[in-house]
Amino acid sequence: MASSGRRPEHRGPPELFYDETEARKYTQNSRVAEIQAQMAARAVELLALPEGRPCLLLDVGCGSGLSGEHISEEGHCWIGVDISRAMLDVAVEREVEGDLLLADMGDGIPFRPGTFDGCISISAVQWLCNADKKSHSPPKRLYRFFSTLYTALARGSRAVLQLYPENSEQLELITAQAMRAGFTGGMVIDYPNSAKAKKFFLCLFVGASGTLPKGLGTECADGEEIHQAKFTQERIRFRNAKGKSVKKSRDWILEKKERRRRQGKEVRADTKYTGRKRRPQF
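As recorded in an unreviewed UniProt entry, the chain goes by the name 18S rRNA (guanine-N(7))-methyltransferase, listed as coming from Gallus gallus. You can read under Sequence similarities (unreviewed entry) in the UniProt record for the chain the words "Belongs to the class I-like SAM-binding methyltransferase superfamily. BUD23/WBSCR22 family."

> Summarise unusual backbone geometry; cite the residues concerned and give the values.
Even without glycine at this site, Glu 95 takes up a positive phi of about 55°. The topology assignment puts Glu 95 in the loop between α5 (85-93) and β3 (99-102). Although it is not a glycine, Tyr 191 sits at a positive phi angle of roughly 50°. Examined against the element boundaries, Tyr 191 turns out to sit in the loop between β6 (184-190) and β7 (199-205).

> I'd like a description of the pairing of β3, backed by residues and values.
Direction of pairing for strand β2 (residues 77-82) relative to β3: parallel, over a ladder of four bridges. What sits directly across from Asp 82, in β3, is Leu 102. Taken together, β2, α5 and β3 form a β-α-β motif whose crossover is right-handed.

> Which residues make up the packing of aromatic side chains, and what are the values?
In this structure the tally under the stated criterion is four aromatic pairs. With a centroid separation of 6.2 Å and an interplanar angle of 80°, the aromatic rings of Phe 146 and Phe 183 are classed as edge-to-face. With Phe 146 in helix α6 (residues 138-152) and Phe 183 in the loop between α7 (168-180) and β6, the pair connects residues that are 37 residues apart, well separated along the chain. Of the two residues examined, Phe 146 and Phe 183, each falls in the buried class. Taken together, a centroid distance of 5.0 Å and an interplanar angle of 80° make the contact between Tyr 150 and Phe 183 edge-to-face. A residue pair is termed long-range when its members are at least 10 positions apart, and Tyr 150 in helix α6 and Phe 183 in the loop between α7 and β6 qualify at 33 residues. Take Tyr 150: its relative accessible area is 21%, and that puts it in the partly exposed class. Under the relative-accessibility criterion, Phe 183 is labelled buried at 2%. Counting every residue linked through ring pairs, the aromatic cluster contains Phe 145, Phe 146, Tyr 150 and Phe 183. Between Arg 180 and the ring centre of Tyr 143, over which it is positioned, the NZ or CZ distance is 3.9 Å.

What counts and what doesn't
Residues numbered from 1 in each chain as written. Predicted model: local features only at pLDDT ≥ 70, side-chain atom pairs only at ≥ 80, totals over all residues. Heavy atoms only, no water. UniProt positions renumbered as here; feature names shortened; annotations may be inferred. Helix = DSSP H or I, 4+ residues; strand = E, 2+ residues; numbered from the N terminus. Pairing = 2+ DSSP bridges. Right-handed = clockwise from strand over helix to strand, strands pointing away. Phe/Tyr/Trp six-rings, centres within 6.5 Å; stacked < 30°, edge-to-face > 60°. Buried < 20%, exposed > 50% of the residue type's maximum accessible area, 1.4 Å probe, protein only. Lys NZ or Arg CZ within 6 Å of the ring centre and 35° of its normal.

Structural data, given as structure tokens:
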């Protein structure tokens, strides 16, 4: 289950904490949406997907579909898995473009071998370190998750899992179970010298091991704000260079509607009012 960008406190299992009220509050928070989009963009970047070819991605702990929106904007298809029915209900209301599945990642990833070209997860995997039921064994649930994820991914693909470990022991437990399941790779840490901007991305390879990407902000210990701003600006320039429309613009909305038509979904007809901002009501 995705988080707001702060290190989450353990407040019970996610399927109970994220009820209908919390799910809506989470999704409507503009700061949460901004952080989620940034982390999803970084995770997709670390996947190193082939240029010019749409891929099928798995989003583990997809929540209300905030990270999936970035996947759709990049031209890829996705399937989201989450344990919170309330979160998935919000995703359905928001008409996200991915397919959704209610499931507990600790029970395994229920897909055929080689189904996905990659996997991302934003702020979800650390939940598996908690024993919310007497029958829960964190090492066993982590291994079940990683072993079935390994099988569901195509050979040569990657999984990039952003997480918030509570301590070094959790980090070691998660990494050890991933390696035991057959993955190679390691931890990519962005802005390691910043308490506020520091982010952990577990970058895992299926099959032949690749070169572990370099973390952002690792060259200068006191340049946190400069590095963060540089990353944001580079991402915007990169997107514009690829010809992508600015989010929420008329062109962006028309492109999204056309994608949904190709998927066979019912979409309202385009008019001169499509994408036009409404005047504020007083």
